[in-house]
Amino acid sequence: MSQFRITEKFISINGEGVRAGQLAVFIRFAGCNLDCSYCDTKWANQSDTSYTLMTENEIYNYIKETGIRNVTITGGE
């Protein structure tokens, strides 16, 4: 089973898009090769950033346990 490098997982309010203002579960993967000028989490792309290894089942279970249906997945490109 694959493991993924997760730098953050948390619940917050969506700030943009059609779900703005609604609660969402955020899952932030470590690393990204895009280097977007507007990125607000460049720290998650550093080689020395801390992360937790999680399987897809662990990520899924975390999301299910929150009871929140909106999920934002970011990073890790």
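Position numbers for residues count from 1 along each chain, tracking the sequence in the order it is written. Confidence filtering applies because this is a predicted model: local features only for residues at pLDDT of at least 70, side-chain atom pairs given and counted only at 80 or more, and all residues used for totals across whole chains, interfaces and linings. With hydrogens and water excluded, all non-hydrogen atoms of the structure serve as input to the side-chain values.

**Re the overall build of the chain**
Each helix and strand in the chain was counted, giving 1 helix and 4 strands. Of the regular secondary structure in the chain, the N- to C-terminal order runs β-β-β-α-β. Expressed along its principal axes, the backbone C-alpha trace of the chain runs to roughly 35 × 30 × 15 Å. Out of the 77 residues in the chain, the part that is buried amounts to 27%. A separation of at least 24 residues holds for 62% of the contacts in the chain among residues at least 6 apart in sequence. Elements are defined by DSSP. Helices are runs of H or I of four residues or more, strands are runs of E of two residues or more, and each kind is numbered from the N terminus. Burial classes follow relative accessibility: with a 1.4 Å probe on protein chains only, a residue under 20% of its type's maximum area counts as buried, one over 50% as exposed, and anything between as partly exposed. Contact definition: two residues touch when any of their heavy atoms are within 4.5 Å.

**Quick look at the sheet that holds strand β3 (residues 52–55)**
An order of β3-β1-β2-β4 is seen for the 4 strands of this open sheet, with the pairing classed as mixed. Edge positions in the sheet fall to β3 and β4 (71–75), since each has one partner strand and no second. Direction aside, neighbouring strands of the sheet carry axes that sit 45° apart on average. Two strands are said to pair when DSSP picks up at least two bridges between them. Here strand β1 (residues 3–13) pairs with strand β2 (residues 23–29) via 7 bridges, running antiparallel. Bridge pairing in β2 places Ser-12 opposite Ala-24. To define axes, lines are fitted to C-alpha atoms, for helices over the stretch in contact only, and angles between the resulting N-to-C directions are given on a 0 to 180 degree scale.

**Points about unusual backbone geometry**
Positive phi is not limited to glycine here, since Asp-35 has a value of about 55°. Relative to the helices and strands, Asp-35 is located in the loop between β2 and β3. Judged by relative accessible area, Asp-35 falls into the exposed class, the value being 59%.

**Topic: the pattern of salt bridges**
In a structure, side chains of opposite charge can pair up when their charged atoms sit close to one another. In what follows, salt bridge is the name for a side-chain nitrogen of Lys or Arg lying within 4 Å of a carboxyl oxygen of Asp or Glu. For the coordinates displayed, the defined rule picks out 1 salt bridge. A salt bridge links Arg-28 to Glu-8, with the nearest nitrogen and oxygen atoms 2.7 Å apart. With a gap of 20 residues between them, Arg-28 in strand β2 and Glu-8 in strand β1 connect regions that are remote in the sequence. Accessibility expressed as a relative area gives 11% for Arg-28, which makes it buried. Assessed through its relative accessible area of 27%, Glu-8 is described here as partly exposed.

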